[in-house]
Amino acid sequence: MRLSWRCPWLAMVVLLLLLLSAGLPLRAQQYSLQTYDRKAGLESLSITALLQDRRGFVWAGTEMGLYRFDGNSFERMGVAQGFDKGEYVTTLAQDTRHDLLWVATQSGLRRGDGRHFARVELHGRPLVVDVGRPLVMLDDGRLLLVRNDALMVLSGGGQGKDGQGQPWQLRPMFDEAQLAALPALRRITTVYLARDRLWLGCGTAMCSLDASGRGRVLLHGPAQGVPADEWLGVLLDRAGNLWLRGTRHVSVRLGGATRFTARDLPEEATGVVKDDGRFVEDRQGRVLTTINQGLARWSGAGWTLIDSRNGLPDININAMMFDAQGSLWLGTYGRGIARWAGYGMVEGWAAAQGMAGLPNWSILRIDATGMWFGNELGGSVLQDGRTRLEPWPVRADPLPRQAGTLAKAADGAIWIGLYDRRLLRFDPASGRTRLMARLPAFIKVLHFDRQQRLWIATVNGIYRLDDGDATVQRVAAAQTTDRQCSDIAEGDDGTLWFACNDGVLRHAEGQWTRMQTGGKAPVSGFSAVAVDADGGLWLGANEPGVWYASLHGAQLQLAPVVDAWLDNTLAYFVRRDRRGWIWVGGGGGVDIFDGRRWTHLSRDDGLLWDETNQNAFFEDTDGSVWIGSPIGVSHILHPQEMVARYQHTVVVTSVMRGAEPVPAGGEVDANGNAAPLTVRYAVLGGPAGSNPRFRYRLNGSDWVDTRSHVINFTGLPSGDYRLEIQALDDDQRTVSPPTYLDFRIPRPWWQTGWAYVLEALLLALLLAAIWRWYSRRLLRQNRQLEALVSGRTAELTEEKRELERTRAELYQQATHDSLTGLHNRRAILEQLAARLESPARRAGLAVGLVDADHFKRVNDTFGHQAGDAALLTIAQRLQSQLRDGDQVGRYGGEELLVVLPNISRQAAIERMATIQSVVSAKPHRWGTQHFTVTLSIGMVWIGDEPASVEDVIRRADTALYQAKHRGRDRVAEFTAG
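Residues numbered from 1 in each chain as written. Predicted model: local features only at pLDDT ≥ 70, side-chain atom pairs only at ≥ 80, totals over all residues. Heavy atoms only, no water.

A.B. asks: Please clarify how the overall build of the protein should be interpreted in this entry.
C.D. replies: When you go through the protein residue by residue, the secondary structure sums to 10 helices and 76 strands. The buried share of the protein, taken over its 977 residues, is 51%. Counting only contacts in the protein whose residues sit at least 6 apart along the sequence, the fraction spanning at least 24 positions is 53%. A distance of 2 Å separates the average location of the 110 positive side-chain charges in the protein from that of its 108 negative side-chain charges. (Helix = DSSP H or I, 4+ residues; strand = E, 2+ residues; numbered from the N terminus. Buried < 20%, exposed > 50% of the residue type's maximum accessible area, 1.4 Å probe, protein only. Contact = heavy atoms within 4.5 Å. Lys, Arg positive; Asp, Glu negative; His and termini not counted. Charge placed at Lys NZ, Arg CZ, Asp CG, Glu CD.)

Quick look at the structure:
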């Protein structure tokens, strides 16, 4: 639609609307937050203060005490650290000169080094400060605090020349003459130090003065652009702008200006009165402040409101801070702590932003201003700069659904491959949608090569279209394949590569080549492919793992990528970006190879969801990356920052012998003390959500792996010890430098010199009597030895039984699926191979490949636990229908393989039909929900003709596809041709 400006009144209306919209608050995107609650150690979920100290520890003040974050969970500071049980923390502050913390509670002010906190007492009484008022540390060591609405100066508390502690001294900041001259100073609401100048909320105005306290106090009121309000927060940002936050107003004095300018929030966002009008500034220089239930962020042109519709907790935020890695921590009232993962690096687009029809299947930029997303119910369009998506303009009859793949032609047309086998072409210029073809098979992926030929990979082979108005032609199966091809990649030299169930195909210079594979290839074939800069291939398969293939003529030399994450990843997509990085998306997140090492990204790093989809990867023109998932699309704005390496550091936080602390490098009193030696440690320096595991060893012994942040030692003999601890981050594939703890366990008193002399005297006295009892002792020892032998024999017998039980369990684990209890893929294929070895064993053999119809919808609707329960029920029902000698196993995902020996073809058909109808007819129950899962079965019957496992599976898979194609919920027998 083109807007004509020939009508002056229409132009005026549009201009007026634009001006009005410029002042409206914008809604932000969807974000991923990690929550810390009782499971993370927080006994109180009402957070009053947050702070990260200079060492990197995150501290949380709550209504029931002070907590320290160890990298995974929170530990409450108790009596050993100087706190009473259940203290209400009101304020936290960092001592700028030392690694000390100030902690204000309703029972008094404390100062400590993180291990122990001492009370600040005046004349033997605790010092209590006003709730919600900040503490400000001056460069000369004095502390500013608010008590009974008055600004006070606290000094002292250090060490005197005699080594004794100096007493604390508290005095008012202002004398009576100053208070009489400026009565507003009698009620201080906030304190802030900005470049050697103090800013105070005083009465309903703001006051400023030199930090030394000398000089005139300036009053800033309406004449200076500061409206009357209760001012609770101040921030000097990096650009030199001074921000003020009141209960109703926000004002800013821009750098170099003399007056404040209004930056008020929407009235409906600031109706809740707060004790603390806190500001924070992010790495991009944007200022954030709290609103009723959420945050507001100033973007330079207006406020962006961020609340529960964007993923934030739907409750008041009492505290917030950015940590050293840029994560935003939010302390809530009653919901614990939320950590905004990927802040400033990942944006999300989900149902709250108008993305309908999830899950999202495919992503494409159609021009310089818009993105298209294909999903379950069609598609959505996102115009750059907008905060909401709109339905796409594609129109067809029937309406396009399940848009699995999108591709853009050189002429700007958008091609869409649908699950219902239609191929559509949308012309953005005319807005017309054309049906270009109805293929005989489900379309997996579309790809325009550099010659603008359209290649179409489907579940039964490859098709191509050489011209936009030409007819889609099938590439002969004799040249390629008639089985499923799931992905297409184009090398820098124009060579096309196809990942198919029966191998990898190459198309170069008009010639097709079925690549031979050297090395161990996955039995199930390939599902994803990307071409490296040197021509090598990165491959995903229909089984967990990722492979790299180097090219040698018509042969690919395969090598599995050895990696803990990838070994357990079913790769939905494998892509290479313009940086040369390799991206692998699976069911547990995304792994990135930057040419040197792998990095794993998940919800802990800001992705909306861990599960990805096959074609839901797109590298944008600015280098950012879009990744689709079942709940929306994650936009990784800065991939380089997401793969940046963080240096983890393990810090020992406490060493305890029972209830007694042990100083670092000190001696452990072992005299009669049977309590364990307990070492607690934290991990600093990495992202808060990385949750690394640890390994430790004592005096260079073998490493012990653990995920606990606590180590207990019992029964250590006397000697000098060195404990070595390292953090292992599986996401970043890094190992931290070792942290050492040295301690010594002295010899007990009975091993000292004077004890040895006494023992020698006693021994001499006893020797005279020993000979009388020698014979008796020998007899007693013989009886003891007999008892020991008998006991040891019994232990060995029990150990043998335990070994046999363990072997049986290991065999069960190696051959059976952990969820269903059926044979696993390897075991059922071995059973099938044994049946096919000889004509006598394979005569009259029926094989059925069983698949649960629309099973992903069960997972998406009711959750993966419901899907697992349904799959277990299906397996049990199916097993109850089998005869003696029949075999069933889990082939993969929701696919099961049934082997019926010694059965005629007609009986096999009837038996499979009975199994299918009985298992499909019974509904499933999950909680209060009921749902039905039907089965589709592809059956192969073998007479006495030779057949391989691969051939039988291929035919059963083809028959299964026929059952699916005919409408599911049925049995289809493989027929040649």
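Now that the structure has been shown, we can carry on.
A.B. asks: It is not clear to me how the packing of aromatic side chains should be interpreted in this structure. Could you clarify?
C.D. replies: Centre distance and the angle of the planes are the two values used to describe a pair of aromatic rings. For the structure shown, the criterion picks out 34 aromatic pairs. Summarising the aromatic geometry, the rings of Tyr36 and Phe74 are spaced 5.8 Å apart at their centres and angled 80° between planes, so their arrangement reads as edge-to-face. Linking Tyr36 in strand 2 (residues 33–36) with Phe74 in strand 6 (residues 74–76), this pair joins segments that are 38 residues apart in sequence. Phe74 shares its class with Tyr36; the two are buried. Each member of the aromatic cluster is reached from another via a ring pair, and the members are Tyr31, Phe322, Trp340 and Tyr343. (Phe/Tyr/Trp six-rings, centres within 6.5 Å; stacked < 30°, edge-to-face > 60°.)

A.B. asks: Help me understand the state of the cysteines in this model?
C.D. replies: Simply put, the disulfide is a covalent bond whose two ends are the sulfur atoms of two cysteines. One pass over the full model with this rule turns up 2 disulfides. Covalently, Cys202 is tied to Cys207 through a disulfide, its sulfur atoms 2.0 Å apart. Judged by the sign of its S-S torsion, about 90°, the bond between Cys202 and Cys207 is right-handed. With a relative accessible area of 1%, Cys202 lands in the buried category. The class of Cys207 is buried, set by a relative accessible area of 0%. Put simply, Cys485 and Cys500 are joined by a disulfide, and their sulfur atoms are 2.0 Å apart. Across the S-S bond linking Cys485 and Cys500, the dihedral sits near 95°, which makes this disulfide right-handed. (Disulfide = S-S within 2.5 Å.)

A.B. asks: Help me understand the pattern of salt bridges in this model?
C.D. replies: Where charged atoms of side chains with opposite charge meet at close range, the side chains can pair. With the rule as written, the count across this model stands at 45 salt bridges. One salt bridge connects Arg722 with Asp742, and the closest N-O pair in it is separated by 2.8 Å. With Arg722 in strand 67 (residues 719–729) and Asp742 in strand 69 (residues 739–745), the pair connects residues that are 20 residues apart, well separated along the chain. You can call Arg722 partly exposed: its relative accessible area is 39%. Among the residues examined, Asp742 registers a relative accessible area of 33% and is labelled partly exposed. Each of Arg68, Glu75 and Arg680 takes part in one network of salt bridges that share partners. (Salt bridge = Lys/Arg side-chain N within 4 Å of Asp/Glu carboxyl O.)

A.B. asks: How should I be thinking about the pairing of strand 45 (residues 485–490) in this particular structure?
C.D. replies: Looking along a regular strand, one sees side chains alternate from face to face of the sheet. By the criterion of burial, strand 45 is predominantly enclosed, with 5 of the 6 residues buried. As paired strands, strand 45 and strand 46 (residues 496–500) are joined by 5 bridges and run antiparallel to one another. Directly across from Cys485, in strand 46, lies its bridge partner Cys500. (Pairing = 2+ DSSP bridges.)

A.B. asks: Just to check I follow, could you spell out the sheet that holds strand 15 (residues 150–155) for this structure?
C.D. replies: Remark on secondary structure: sheet strands pair via backbone hydrogen bonds, oriented parallel or antiparallel. Judged by pairing direction, the sheet is antiparallel, and its 4 strands sit side by side in the order 13-14-15-16 without closing on themselves. What marks the edges here is a single partner per strand, and that holds for strand 13 (136–137) and strand 16 (169–172). Bridge count for strand 13 against strand 14 (residues 143–147) is 2 bridges, and the pairing is antiparallel. Residue pairing across strands places Met137 opposite Leu143, the latter belonging to strand 14.

A.B. asks: It is not clear to me how empty space enclosed by the protein should be interpreted in this structure. Could you clarify?
C.D. replies: To find leftover empty space, a probe the size of one water molecule is rolled over the atoms. Here the structure, examined in full by the defined rule, presents 5 cavities of 30 Å³ or more. Here the largest cavity defines a volume of roughly 230 Å³. Along the walls of the largest cavity sit 22 residues, with Met345, Asp605, Met642, Tyr646 and Pro687 positioned nearest its centre. Considering each element in turn, the lining of the largest cavity owes the most residues, 3 residues, to strand 57 (residues 598–601). Here the lining of the largest cavity is built from residues that sort into 8 nonpolar, 8 polar and 6 charged. (1 Å grid on protein atoms, 1.4 Å probe; cavity = no way out; pocket = protein on both sides within 12 Å on 5 of 7 lines; lining within 4 Å. Points joined across faces, edges and corners; volume = space filled by probe spheres on them. Nonpolar A, V, L, I, M, F, W, Y, C, P; charged D, E, K, R; others polar.)

A.B. asks: What exactly am I supposed to notice about the nonpolar core here?
C.D. replies: If you look at soluble globular proteins, the nonpolar side chains tend to sit buried side by side. In terms of nonpolar packing, the biggest core is built from 26 residues, with Val850, Ile874, Leu878, Leu882, Val898, Leu900 and Val933 touching the most fellow members. Among the secondary structure elements, those contributing two or more residues to this core are strand 70 (845–852), helix 7 (855–862), helix 8 (864–880), strand 72 (895–900), helix 9 (905–921) and strand 75 (935–942). Here this core takes 5 residues from helix 8, the largest share from any one element. Beyond its immediate stretch of four places on either side in the chain, Leu900 contacts Gly844, Leu845, Ala846, Leu882, Arg883, Asp886, Arg911 and Met912. In this structure, Leu364, Phe373, Trp392 and Phe618 belong to the second largest nonpolar core, which totals 24 residues. (Core = buried A, V, L, I, M, F, W, Y, C linked by side-chain atoms within 4.5 Å.)

A.B. asks: How should unusual backbone geometry be read in this particular structure?
C.D. replies: Negative phi characterises most residues that are not glycine, and trans characterises most peptide bonds. Put simply, Leu358 and Pro359 share a cis peptide bond, and its omega is 10°. Mapped onto the fold, Pro359 is located in the loop between strand 32 (346–350) and strand 33 (360–367). Asp397 connects to Pro398 through a cis peptide bond whose omega is 0°. Inspection of the secondary structure assignment puts Pro398 in the loop between strand 36 (390–391) and strand 37 (403–408). At Asn699, a residue that is not glycine, the phi angle is positive and equals roughly 55°. Here Asn699 is to be found in the loop between strand 64 (693–698) and strand 65 (704–706).

A.B. asks: Please explain a positive patch on the surface as it appears in this structure.
C.D. replies: Together, Arg776, Arg777, Arg780 and Arg783 line one region of the surface with positive charge. Take Arg777: it is sitting in helix 4 (residues 753–815). (Patch = residues over 30% accessible without salt bridge, like charges linked within 9 Å, V, L, I, M, F, W, Y side chains within 5 Å. Areas by Shrake-Rupley, 256 points an atom, 1.4 Å probe, with all protein chains shown as cover.)

A.B. asks: Is there a simple way to think about the sheet that holds strand 61 (residues 649–657) in this case?
C.D. replies: As summarised here, the arrangement of the 4 strands in space is 62-61-63-66, forming an open sheet in which the pairing is antiparallel. Each edge of the sheet is formed by a strand with only one pairing partner; in this case those strands are strand 62 (660–661) and strand 66 (710–713). Taken together, the 8 bridges between strand 61 and strand 63 (residues 677–684) define a ladder with antiparallel strand orientation. Across the sheet, the residue bridging to Val651 is Ala682, located in strand 63.

A.B. asks: For this particular structure, what's the right way to read the side chain of Arg968?
C.D. replies: By secondary structure assignment, the location of Arg968 is in the loop between helix 10 (949–965) and strand 76 (971–973). Despite its burial, Arg968 pairs with no opposite charge, the nearest such side chain being Asp853 at 4.2 Å. Within polar-contact distance, the side chain of Arg968 engages the side chain of Tyr419 at 2.3 Å. If we ignore the near neighbours within four places in the chain, the residues touching Arg968 are Tyr419, Asp853, His854, Ser936 and Ala963. (Polar contact = N/O pair within 3.5 Å; in protein donor to acceptor, adjacent residues only side chain to side chain.)

A.B. asks: Which parts of the structure should I look at to understand the packing of helix 7 against helix 8?
C.D. replies: Each pair of packed helices can be described by the angle between their axes along with the distance between the axes. Their axes nearest at 6 Å, the elements helix 7 and helix 8 cross at an angle of 135°. Judged by the inter-axis angle, helix 7 sits oblique to helix 8. For the pair formed by helix 7 and helix 8, the contact residues are Phe855, Val858, Asn859 and Phe862 on the first element and His864, Ala866, Gly867, Ala870 and Leu871 on the second. (Axes fitted to C-alpha atoms, helices over the stretch in contact; angles between N-to-C directions. Parallel < 35°, antiparallel > 145°, perpendicular 65-115°, else oblique.)

A.B. asks: I keep staring at the environment of Gln614 and nothing clicks. Help me out?
C.D. replies: Take Gln614: it is sitting in the loop between strand 57 and strand 58 (617–619). As a C-alpha pair, Gln614 and Ser527 span 87 residues in sequence and 9.1 Å in three-dimensional space. A distance of 3.4 Å separates a polar atom in the side chain of Gln614 from a polar atom in the side chain of Lys444. Engagement of the side chain of Gln614 in a polar contact is seen with the backbone oxygen of Ser486, the distance being 2.3 Å.

A.B. asks: Honestly, a nonpolar patch on the surface in this entry has me stumped. Any pointers?
C.D. replies: Taken together, the side chains of Trp749, Trp750, Trp754, Leu758, Leu762 and Leu765 define a hydrophobic patch exposed on the protein surface, amounting to about 720 Å² of accessible area. By the element assignment, Trp749 lies in the loop between strand 69 and helix 4.

A.B. asks: Would you explain the pairing of strand 40 (residues 432–438) in this entry?
C.D. replies: Pairing between strand 39 (residues 422–427) and strand 40: 6 bridges, direction antiparallel. Following the sheet pairing, Arg422 is matched in strand 40 by Arg438. Linking strand 39 back to strand 40 in an antiparallel pair, the connection comprises 4 residues, with Gly431 at a positive phi of about 75°.

A.B. asks: Any chance you could explain the packing of helix 5 (residues 825–835) against helix 10 here in plain terms?
C.D. replies: For the pair helix 5 and helix 10, the least separation of the axes is 10 Å and the interaxial angle reads 110°. As far as their axial angle goes, helix 10 and helix 5 are roughly perpendicular. Relative to helix 10, helix 5 is oriented so that their crossing is right-handed. Between helix 5, through Leu829, Leu832 and Ala833, and helix 10, the contact on the second element is made entirely by Val949, Val952 and Ile953. Here the contact of helix 5 with helix 10 is built from residues that sort into 6 nonpolar, no polar and no charged. (Left-handed = near helix turned anticlockwise from the far one by under 90°.)

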